[in-house]
Amino acid sequence: MSVPPDGQAVLTIDLDALAGNWRVLAGRAAPAECGAVVKADAYGIGIERAVPALARAGCRTFFTAHVSEGARARASLRQAGFGDATARVFILNGFHPTAVATDLFHGASLSPVIGSAAELDAFAAARRQGRPLRCALHVDTGMNRLGFDPDEALGLDQDRLAAAGIDVVMSHFVSAEEPDNPVNAKQIERFDQLRQGLLQSYPASLANSSGLFLESRPIYALARPGYALYGGNPTPGRPNPMQPVVSLSAKILQTRWIEAGESVGYNGRWIAPRRTRAATIGLGYADGFPRNAMTIGHGDGPKALVGGRPCRLIGRVSMDLSIVDVTDAPEGDAEAGCMIELLGPTITVDDLGEQTGTIGYEILTNLGRRYQRVYREACIDAIS
């Protein structure tokens, strides 16, 4: 690994692993289509890199949350040679018409996920003005977040549905990562009931990352995984079937010996129980690293990998710096200028999420822009 000259941490993103994960999930979805959720800047790894890599792997349907990110996804597809007729881009947060938003939908050939009667009618009106757009219909089956109320959806008539140009009817799981949760079966049953009648003629979508691994396999016509694409475990409590996509390393800026009884970091939250060798690394919460990634007292806490040996982070994480106990690390791997691993095959995003009281999703989507980013694809490294 190249060592950045100014002390930046290095975020390495394996686009081949991303594509490989999509192929695994597509295999589980088959013969249905497998899309890809690339919202939140492709879960922090970068839309402009992730979307073309997924398209080259065979993905043809993408989902973002905001129209601005959808426009970025479309631009990256066009630049990579995938025309508008080749790939679809859906906007999960719906259609909220302003002149700017409507122009973006039209110019980038985006499809909103419609979740209310007001949105449906506004979108149909935009189509009547000569904008050849399509949409998805979102029906709520238990999340109580976005989507048509079930009774409202059942009351839609054929003319209103036809005017909106619907390509797919979808809903969203509440607890698919908990395979024994009875709410999964209730949602599947409710979704099937809703699809009777007029909605039955449209392709359907329900399965997210964890939904693809449910025993009932409610995949319908289109699966839309997100987290699992980026290496997160869609089957918590069981071995992760996905490859890690991101790794994070930081440079040791300085080391020092701390005597027993001395404190480390802000507010003296960690007291050395023995003579301790502490390494300060160029990584902090301004980089998206969790502020509470620290050891309290003398127990276990979040780890870094130093020369292959797990070493505890100690004291509070600062804005730009963190401190690691490297007393037991191989001495040659714990000197100023050495790089140590914070995320990777050994310390996963799920591990770090659990250790810091959050989830891997938040770890991924908080990945900062100050990192030196290294993208790896087909044996070609690109640094940004």
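Residues numbered from 1 in each chain as written. Predicted model: local features only at pLDDT ≥ 70, side-chain atom pairs only at ≥ 80, totals over all residues. Heavy atoms only, no water.

(A) Here's a closer look at the overall build of the protein chain. Helix and strand content of the protein chain: 11 helices and 20 strands. For 384 residues, the compact-globule estimate of 2.2 N^0.38 gives 21 Å, and the C-alpha radius of gyration of the protein chain, at 24 Å, lies within 12% of that figure. Counting only C-alpha atoms, the protein chain reaches 75 × 45 × 35 Å along its principal axes. Within the protein chain, buried positions represent 54% of all 384 residues. Within the protein chain, contacts between residues separated by at least 24 positions form 67% of all contacts whose residues are at least 6 apart in sequence. By element, 50% of the accessible surface of the protein chain is carried by carbon and sulfur atoms, the whole surface being about 16300 Å². (Helix = DSSP H or I, 4+ residues; strand = E, 2+ residues; numbered from the N terminus. Rg over C-alpha atoms; globule rule 2.2 N^0.38 Å. Buried < 20%, exposed > 50% of the residue type's maximum accessible area, 1.4 Å probe, protein only. Contact = heavy atoms within 4.5 Å. Areas by Shrake-Rupley, 256 points an atom, 1.4 Å probe, with all protein chains shown as cover.)

(B) Structural context of the packing of aromatic side chains. Under the criterion given, the structure shown has 7 aromatic pairs. Judged by centre distance (4.6 Å) and plane angle (15°), the rings of Tyr43 and Tyr230 are stacked. With Tyr43 in helix α2 (residues 39-43) and Tyr230 in the loop between β10 (222-223) and β11 (246-258), this pair connects stretches of sequence that are 187 residues apart. Residue classification places Tyr43 among the buried residues on the basis of a relative accessible area of 7%. Residues Phe191 and Tyr220 carry aromatic rings whose centres are separated by 5.3 Å and whose planes lie at 85° to one another, so their mutual orientation is edge-to-face. On the criterion of sequence distance, the pair formed by Phe191 in helix α9 (residues 182-194) and Tyr220 in the loop between β9 (204-205) and β10 is long-range, its members being 29 residues apart. Among the residues examined, Phe191 registers a relative accessible area of 0% and is labelled buried. Against the face of Tyr375 rests Arg49, its NZ or CZ located 4.7 Å from the ring centre. Directly above the aromatic system of Trp257 lies the positively charged group of Arg275, at a separation of 4.4 Å from the ring centroid. (Phe/Tyr/Trp six-rings, centres within 6.5 Å; stacked < 30°, edge-to-face > 60°. Lys NZ or Arg CZ within 6 Å of the ring centre and 35° of its normal.)

(C) Spotlight on helix α4 (residues 67-79). Across its 13 residues, α4 extends 18 Å between first and last C-alpha, which sits within 8% of the 18 Å expected from 1.5 Å per residue. Considered for burial, the residues of α4 that qualify are Val67, Glu69, Gly70, Ala71, Ala73, Arg74, Ser76 and Leu77. Among the structural elements, α2, α3 (47-57), β4 (61-64), β5 (88-91) and α5 (99-107) are those in contact with the buried residues of α4. At the C-terminal side of α4, Gly81 shows a positive phi close to 95°. (Expected span 1.5 Å × (residues − 1).)

(D) Focus on the pattern of salt bridges. Under the defined criterion, the tally for this structure stands at 17 salt bridges. In this structure, the salt-bridge partner of Arg370 is Asp287, at a minimum N-O distance of 3.0 Å. Of this pair, Arg370 sits in the loop between α11 (360-365) and β19 (372-377) while Asp287 sits in the loop between β14 (276-281) and β15 (303-306), placing them 83 residues apart in sequence. Here the salt bridges share partners, and the residues they tie into one network are Asp41, Glu48, Glu69, Arg72 and Arg369. (Salt bridge = Lys/Arg side-chain N within 4 Å of Asp/Glu carboxyl O.)

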